[in-house]
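Reading the structure
The chain contents come next:
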Amino acid sequence: MKILRIDSSTTGASSVTREMTGLIMEKLKADNPDAEVVTRDLGVEPLAHLNPITTGAIRMGEDDWTDDMKAAASPEKAILDEFLSADVVVIGAPMYNFTIPSALKSWIDRLGVPRVTFRYSEDGPEGLVDGHRIIVASGRGGSYGDDSPADYQEGLLETFFNFIGVTDITIIRAEGVGMPGGREKAMAAAKEQIAKL
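Keep in mind that what you see is a predicted model, and the values were worked out from it rather than measured. (Residues numbered from 1 in each chain as written. Predicted model: local features only at pLDDT ≥ 70, side-chain atom pairs only at ≥ 80, totals over all residues. Heavy atoms only, no water.)

The helix and strand inventory of the protein chain stands at six helices and seven strands. Counting from the amino terminus, the protein chain carries its helices and strands in the arrangement β-α-β-α-α-β-α-β-β-β-α-β-α. Once the C-alpha set of the protein chain is aligned to its principal axes, its extents read approximately 55 × 40 × 35 Å. Expressed as a percentage of the 197 residues in the protein chain, the buried residues total 45%. When contacts within the protein chain are restricted to residue pairs at least 6 apart in sequence, those whose partners lie at least 24 apart make up 75%. As presented, the protein chain carries roughly 10000 Å² of accessible surface, and 51% of it is formed by carbon and sulfur atoms. Looking at the protein chain, you have 20 positive and 31 negative side-chain charges, and the mean spots of the two groups are 4 Å apart. (Helix = DSSP H or I, 4+ residues; strand = E, 2+ residues; numbered from the N terminus. Buried < 20%, exposed > 50% of the residue type's maximum accessible area, 1.4 Å probe, protein only. Contact = heavy atoms within 4.5 Å. Areas by Shrake-Rupley, 256 points an atom, 1.4 Å probe, with all protein chains shown as cover. Lys, Arg positive; Asp, Glu negative; His and termini not counted. Charge placed at Lys NZ, Arg CZ, Asp CG, Glu CD.)

In structure tokens:
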């Protein structure tokens, strides 16, 4: 088994989602002691946002690449290959201004590749990624519940991963951490969820 851990919080050691991804990894490694673990910290080493060169290198066939696209292609493909080779992906996803951190969005942008992770057929879009499990460590300062119109965080992640074919998605939520006494309560609830993984 290969486990990919993605952190995206910019708050360092005080991060709720980093604490959660750490606890999730402890649980997964206890259950799978021989698992290979790969870690990518987007909060410390963010990816550049897509630009015409990287977008072209991701989306066009190799016969159409310019020299700049060829130079950009290898690191872009490495991000995608890292994701595709993982059996389980643990994602630390704090809510920043009602959505995910821009560094996490930049990572996701490298995964949505036509004819690799999805394609359009006569019946509409079809996800091509199979056999992956996603575990999202969701941290929220306020309380939003499951169906808030102000949530562009968990819904975005579920929609994207479903779009590319991943349906095994578990969300572990620590909500209301910005409220008085909220962090302790939210983390206690999150730990109960993690224990059931």
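Having seen it, we continue.
Strand order in this open sheet of five strands is S2-S1-S3-S6-S7, and the pairing throughout is parallel. Pairing within the sheet leaves two strands with one partner each, and these edge strands are strand S2 (36-41) and strand S7 (168-175). Between one strand and the next, the sheet's axes are offset by a mean angle of 15 degrees, whatever the strand orientation. Bridge count for strand S1 (residues 2-7) against S2 is six bridges, and the pairing is parallel. (Pairing = 2+ DSSP bridges. Axes fitted to C-alpha atoms, helices over the stretch in contact; angles between N-to-C directions.)

Further remarks concern the nonpolar core. Among the nonpolar cores identified, the biggest contains 28 residues, and Phe83, Val89, Ile91, Leu104, Trp107, Ile134 and Phe161 are the most heavily contacted of them. Broken down by element, the residue count for this core peaks at four residues, all from helix H4 (residues 102-109). If near-sequence neighbours (up to four positions away) are discounted, valine 89 is found in contact with Leu4, Ile6, Phe83, Trp107, Arg133, Ile134 and Ile135. In terms of nonpolar packing, the next biggest core, distinct from the first, is built from 18 residues, Ala35, Ala137, Met187 and Ile194 among them. (Core = buried A, V, L, I, M, F, W, Y, C linked by side-chain atoms within 4.5 Å.)

Once that is clear, we can look at the UniProt feature "binding site: FMN" (unreviewed entry) in the protein chain. According to UniProt, the "binding site: FMN" (unreviewed entry) feature falls on Ser9, Met95, Tyr96, Asn97 and Phe98. A compact arrangement is adopted by the annotated residues: their sequence extent is 90 residues, whereas the largest C-alpha distance between any two is 14.1 Å. Given a relative accessible area of 26%, tyrosine 96 falls into the partly exposed group. A distance of 2.9 Å separates a polar side-chain atom of tyrosine 96 from the backbone nitrogen of threonine 10. Here asparagine 97 is to be found in the loop between strand S3 (88-94) and H4. (UniProt positions renumbered as here; feature names shortened; annotations may be inferred. Polar contact = N/O pair within 3.5 Å; in protein donor to acceptor, adjacent residues only side chain to side chain.)

Applying the stated rule across the entire model yields seven aromatic pairs. A centroid spacing of 6.0 Å and a plane angle of 85 degrees characterise the contact between phenylalanine 83 and tryptophan 107, whose relative ring orientation is edge-to-face. Taken as a pair, phenylalanine 83 in helix H3 (residues 67-84) and tryptophan 107 in helix H4 lie far apart in primary sequence, 24 residues in all. The exposure class assigned to tryptophan 107 is buried, which follows from its relative accessible area of 0%. Between phenylalanine 118 and phenylalanine 163, the aromatic rings sit 4.8 Å apart at their centres with planes inclined by 50 degrees, giving tilted as the arrangement. (Phe/Tyr/Trp six-rings, centres within 6.5 Å; stacked < 30°, edge-to-face > 60°.)

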